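What the coordinates show
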Amino acid sequence: MAEKINQKPRSDEELATPTLQSEELRRKKRIKLAIYIAAFVVFQTIVITVFALTVMRVKTPKVRLGTVTFHNVNISTQTPPNFDLSFTTQVRVKNTNFGPYKYDGTNVTFMYQGVTVGQFTIPKGKAGFRSTKKVSVTVNVNSNALPSTTSLGSELGAGVLTLNSHARLSGKVELMFVMKKKKSAEMNCNMTIVLSTKEVQALSCE
């Protein structure tokens, strides 16, 4: 006859142990999930902030003159002093935005002591995503419109000629194909020309 095995009844504490372990495991999972969610929210916040400060931030494009190459330089220091110059240059529209800059046509004006001595037109165009649009132009400037009271004679006698140029572009920067923001780009350049060598000694633009 098989020996009867007596089993001792399990206490309430022993019965409760698996339940406590299961609860502890679930609690740790919830904590871990909460940490993952918090980390994801922080990461998303950082991404959105960086996106807003870089990609979605609209900067004003820049307009500048490039290299100048002279073709004709005619000057006279006799009374009345005069000049007649022709040259080629580039107008550069630099767009650092994460979207194209579409601008309207405008005029670039060259001046001597505040008097217009030459002008040309920049046609309507577009500077692409983080790129520079280059427009080659031929310019003619002369002293026909200058009054006789200017100091042109003494400047030509010194072998130099200083001209100023100004332009203002109006257009829109397009972001994400849906957002458009108006931006105007302005150019003010000073150019000092050495007449004997037909070269630009200094060119500074703001």
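Residues numbered from 1 in each chain as written. Predicted model: local features only at pLDDT ≥ 70, side-chain atom pairs only at ≥ 80, totals over all residues. Heavy atoms only, no water.

Describing the overall build of the protein chain
- Of the regular secondary structure elements, the protein chain holds 2 helices and 11 strands.
- Each helix and strand of the protein chain, placed in order from N terminus to C terminus, yields the pattern α-β-β-β-β-β-β-β-β-α-β-β-β.
- For the protein chain, buried positions account for 29% of its 206 residues.
- For the protein chain, long-range pairs separated by at least 24 residues make up 65% of all intrachain contacts whose partners lie at least 6 apart in sequence. (Helix = DSSP H or I, 4+ residues; strand = E, 2+ residues; numbered from the N terminus. Buried < 20%, exposed > 50% of the residue type's maximum accessible area, 1.4 Å probe, protein only. Contact = heavy atoms within 4.5 Å.)

Overview of the packing of aromatic side chains
- Applying the stated criterion to the full structure yields 6 aromatic pairs.
- Seen in terms of ring centroids, phenylalanine 98 and phenylalanine 129 are 5.7 Å apart; in terms of plane orientation they differ by 65°. Their pairing is edge-to-face. Linking phenylalanine 98 in the loop between strand 3 (82-95) and strand 4 (101-103) with phenylalanine 129 in the loop between strand 7 (125-127) and strand 8 (131-142), this pair joins segments that are 31 residues apart in sequence.
- Through pairs of rings, three or more aromatic residues link up here, namely Phe70, Phe87, Phe110 and Phe120. (Phe/Tyr/Trp six-rings, centres within 6.5 Å; stacked < 30°, edge-to-face > 60°.)

Examining the nonpolar core
- Grouped together as the largest cluster of nonpolar side chains are 39 residues, with contacts concentrated most on Phe83, Phe110, Val141, Leu161 and Leu163.
- Top contributing element to this core by residue count: strand 9 (residues 160-175), with 6 residues.
- Apart from the residues within four sequence positions on either side, phenylalanine 83 is in contact with Asn74, Ile75, Val117, Val141, Asn142, Ser143, Leu146, Leu152, Leu161 and Leu163. (Core = buried A, V, L, I, M, F, W, Y, C linked by side-chain atoms within 4.5 Å.)

What to know about the state of the cysteines
- Per the counting criterion, the structure on display carries 1 disulfide.
- The disulfide that involves cysteine 189 links it to cysteine 205, with 1.9 Å between the sulfurs. Between cysteine 189 and cysteine 205 the sulfur-sulfur dihedral comes to about 110°; the bridge is accordingly right-handed. You can see cysteine 189 sitting in strand 10 (residues 179-194) and its partner cysteine 205 sitting in strand 11 (residues 199-205), a full 16 residues away along the chain.
- When its relative accessible area of 2% is taken as the criterion, cysteine 189 is described as buried.
- The class for cysteine 205 is partly exposed, based on a relative accessible area of 24%. (Disulfide = S-S within 2.5 Å.)

Side note on the pairing of strand 10
- Here strand 9 pairs with strand 10 via 16 bridges, running antiparallel. The partner of glutamate 174 across the bridge, within strand 10, is lysine 180.
- In sequence, strand 9 turns back onto strand 10 through a hairpin of 3 residues, with methionine 176 there showing a positive phi of about 55°.
- Looking at chain direction, strand 10 and strand 11 are connected through 6 bridges and run antiparallel. (Pairing = 2+ DSSP bridges.)

Side note on the environment of valine 117
- With respect to the helices and strands, valine 117 occurs in strand 6 (residues 115-122).
- A residue is classified by how much of its surface remains accessible, and valine 117, at 6% relative accessible area, is buried.
- Measuring from C-alpha to C-alpha, the distance between valine 117 and aspartate 84 comes to 9.5 Å, with 33 residues separating the pair along the chain.
- With residues near it in sequence (within four places) discarded, valine 117 still touches Phe83, Phe110, Met111, Tyr112, Asn140, Val141, Asn142, Leu146 and Leu163.

Details of the pattern of salt bridges
- Here the structure, examined in full by the defined rule, presents 2 salt bridges.
- Residue glutamate 186 pairs with arginine 168 through a salt bridge whose shortest N-O separation is 3.1 Å. Linking glutamate 186 in strand 10 with arginine 168 in strand 9, this pair joins segments that are 18 residues apart in sequence.
- Accessibility expressed as a relative area gives 42% for arginine 168, which makes it partly exposed. (Salt bridge = Lys/Arg side-chain N within 4 Å of Asp/Glu carboxyl O.)

Concerning the layout of surface pockets
- Space inside the largest pocket adds up to approximately 160 Å³.
- Lining of the largest pocket is provided by Pro80, Pro81, Asn82, Ser143, Leu146, Pro147, Ser148, Thr150, Leu152 and Gly153.
- Broken down by class, the residue content of the lining of the largest pocket amounts to 5 nonpolar, 5 polar and no charged. (1 Å grid on protein atoms, 1.4 Å probe; cavity = no way out; pocket = protein on both sides within 12 Å on 5 of 7 lines; lining within 4 Å. Points joined across faces, edges and corners; volume = space filled by probe spheres on them. Nonpolar A, V, L, I, M, F, W, Y, C, P; charged D, E, K, R; others polar.)

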